[in-house]
Structures are given as C-alpha cells and as structure tokens.
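Structural overview for review
The primary structure of each chain is shown beneath.
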Amino acid sequence: MAIRKELHDVLTLTAELTHNNMNEDVRHTLVIDRMGLPEHETHRYIHELESLGLIRIQPRMSRATDEKGREFRLINITREGLQELLSDHTLR
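These notes cover the structure that comes with them. (Residues numbered from 1 in each chain as written. Predicted model: local features only at pLDDT ≥ 70, side-chain atom pairs only at ≥ 80, totals over all residues. Heavy atoms only, no water.)

Structural notes on unusual backbone geometry
Under the convention used in this document: Think of it this way: any DSSP run of H or I at least four residues long counts as a helix, any run of E at least two long counts as a strand, and we number them from the N terminus.
Of note, the phi angle at histidine 19 is positive, near 55°, even though the residue is not glycine. Phi at asparagine 20 is positive, roughly 55°, even though this residue is not glycine. With respect to the secondary-structure elements, asparagine 20 resides in the loop between helix H1 (5-17) and strand E1 (26-27).

Let's talk about helix H4 (residues 79-87)
To keep it simple, the criterion reads: Per-residue accessibility, obtained with a 1.4 Å probe over protein chains only, is compared with the maximum for each type, and a residue is labelled buried under 20%, exposed over 50%, and partly exposed between these values. This arc describes the spread of directions from the helix axis toward the C-beta atoms. We call two residues in contact whenever any of their non-hydrogen atoms come within 4.5 Å of each other.
Those residues of H4 not exposed but buried are Gly81, Leu82, Glu84 and Leu85. Projected down its long axis, H4 shows its buried positions confined to an angular sector of 155°, all on one face. Projecting away from the buried face of H4 at angles above 90 degrees are the exposed residues Arg79 and Leu86. Along its buried surface, H4 packs onto H1 and strand E3 (74-77).

Examining the pattern of salt bridges
Rule in force here: In what follows, salt bridge is the name for a side-chain nitrogen of Lys or Arg lying within 4 Å of a carboxyl oxygen of Asp or Glu.
One pass over the structure, following the stated rule, counts seven salt bridges. Across the pair arginine 4 and glutamate 6 runs a salt bridge, and its minimum N-O distance is 3.7 Å. Exposure remark for arginine 4: the relative accessible area of 38% places this residue in the partly exposed category. Residue class for glutamate 6 comes out partly exposed when judged on its relative accessible area of 33%. One salt bridge in this structure joins aspartate 33 and lysine 68, with 3.6 Å as the shortest N-O distance. Remark: lysine 68 occurs in the loop between strand E2 (55-57) and E3 and aspartate 33 occurs in helix H2 (residues 28-35); sequence separation between them is 35 residues. When salt bridges that share partners are traced, they join Asp33, Asp66, Lys68 and Arg70 into one network.

In structure tokens form, the structure reads like this:
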C-alpha cells in the first residue's frame, strides 16, 4: 500500500519514537509536537493511520496529562505499519 508523504512522515516518527517496537507506546502529544504541523492536521493523520491499521490508539487514560498539561492518548505502531515502512522504496 502506498501512503501519502504526510502519513508516511507521521508513521516514520511513530516508529522512531517507539524504537520500531510494537509493544512500546508513545504519547500522541509528543508526535504532534515533533511533527511541527498544526495540531489538528497531525491529529487527522494519526486517525487516518489508525483507520488504515498502521498504528493503534490506546483508550484514553484517566486524566493523564503531559508536561504541558494536555491530556494524551498512547499510540503504537502495528506490524502492518512496520511492514509499510520496510516496503517503502525510499528506505531501500
């Protein structure tokens, strides 16, 4: 499956932050901060990646907040997400 560059960039960052480990989580707010795009735009990409089965968004934690006081959800990359990155011709 070929995905748009913006989705690829968010997926790549998620993989980097989770050290390519499907069992490791990352706060979605950290992905948003690191992408440097408007928050709503990165949110949209995260949800699109989830709908494609490339990442998984964990259920909201009970009022957990990050260092900026924002509520967050944990995300992790899926096997399909890792396979998408490995099959990307630009990574060969």
